[in-house]
Amino acid sequence: MPLQGELGGSGRKIIRLANEKHRAIGILYGVREENVAFLEFSKHFRRHGLPVPEIYAEDLTHGAYLEEDLGDTTLLSFFQEIVPAETSLPKWSKPIASGGRLPRFQVEAGRDLNYSVCYPISSFDRQSIAWDLNYFKYYFLRLAASPSTSKPWKTISAA
């Protein structure tokens, strides 16, 4: 079953594969270097006990891999559900920072991460940060915004 066609702004084809006993997410994406980075980072974070999907199988020749299915809730759907009822930052930040996980990704697991597979560039400079923030604004915040949430989104996007 295709999941929202192509999620976000990438060209990935995301497909849920399921039978009576098992479920997995299949990814088809033709950018080998990005697939290598994603798979390497996912396996690395998993070894550090961080909450990322398990990688079941991969075929980089065909730009395909299978990963653990973590359910139907996306970050976007989570925000769209809670935002009308709750506008306090602590609840919004829960999926990102719960249990101190974000520092574990960035600091603890970052110590022995293989940065040589980073794509499309090897360092995250000022221009890259600006690009990512803009991407987040247009492919997440604007999709999640509604008339009742326009002010909180402006506050976050300006930060």
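This structure is a prediction, so every number in the text was calculated from the model and none was measured.

1. Some remarks on the confidence of the model for the protein
A low pLDDT means the predicted coordinates there should not be read in detail. When pLDDT is averaged along the protein, the result is 80, and 72% of the positions lie at 70 or above. The spread of mean pLDDT over the elements of the protein runs between helix H6 (residues 150-158), the lowest at 43, and strand S3 (residues 55-59), the highest at 98.

2. What to know about helix H1 (residues 32-47)
What sets the pattern is the α-helix's 3.6 residues per turn: residues three or four places apart point alike. For H1, spanning 16 residues, the distance from its first C-alpha to its last is 23 Å, which sits close to the expected 22 Å at 1.5 Å a residue. Gly 49 sits one or two residues past H1 and shows a positive phi near 75°.

3. With respect to the packing of aromatic side chains
A ring pair, where both rings are aromatic, is described by two values, the distance of the centres and the angle of the planes. Scanning all chains against the criterion turns up four aromatic pairs. Measuring from centroid to centroid gives 5.4 Å for Phe 38 and Tyr 65, while their planes differ by 25°, and the two rings are stacked. With a gap of 27 residues between them, Phe 38 in helix H1 and Tyr 65 in strand S4 (residues 64-68) connect regions that are remote in the sequence. The partly exposed category is assigned to Phe 38, whose relative accessible area is 31%. With a centroid separation of 4.9 Å and an interplanar angle of 70°, the aromatic rings of Phe 45 and Phe 105 are classed as edge-to-face. Of this pair, Phe 45 sits in helix H1 while Phe 105 sits in helix H4 (residues 101-108), placing them 60 residues apart in sequence. Phe 105 gets classed as partly exposed once you look at its relative accessible area, which sits at 22%. An aromatic cluster is built from Phe 41, Phe 45 and Phe 105, whose rings are joined through pairwise contacts. When the ring centre of Tyr 29 is taken as reference, the NZ or CZ atom of Arg 12 above it lies at 4.5 Å.

4. A few points about the pattern of salt bridges
Taken as a whole and assessed by the stated rule, the structure comprises eight salt bridges. Arg 16 is paired through a salt bridge with Asp 72; the nearest N and O atoms lie 2.6 Å apart. In this pair, Arg 16 is assigned in strand S1 (residues 13-18) and Asp 72 in the loop between S4 and helix H2 (75-82), connecting sequence segments 56 residues apart. Judged by relative accessible area, which is 58%, Asp 72 ranks as exposed. Put simply, Glu 108 and Arg 104 hold a salt bridge, and the shortest N to O gap is 3.5 Å. Of this pair, Glu 108 and Arg 104 both sit in helix H4, four residues apart, roughly one helical turn. Residue class for Glu 108 comes out partly exposed when judged on its relative accessible area of 34%. Among the charged side chains, a salt-bridge network with shared partners connects Arg 16, Arg 23, Asp 69 and Asp 72.

The rules behind these values
Residues numbered from 1 in each chain as written. Predicted model: local features only at pLDDT ≥ 70, side-chain atom pairs only at ≥ 80, totals over all residues. Heavy atoms only, no water. pLDDT = per-residue confidence, 0-100. Helix = DSSP H or I, 4+ residues; strand = E, 2+ residues; numbered from the N terminus. Expected span 1.5 Å × (residues − 1). Phe/Tyr/Trp six-rings, centres within 6.5 Å; stacked < 30°, edge-to-face > 60°. Buried < 20%, exposed > 50% of the residue type's maximum accessible area, 1.4 Å probe, protein only. Lys NZ or Arg CZ within 6 Å of the ring centre and 35° of its normal. Salt bridge = Lys/Arg side-chain N within 4 Å of Asp/Glu carboxyl O.

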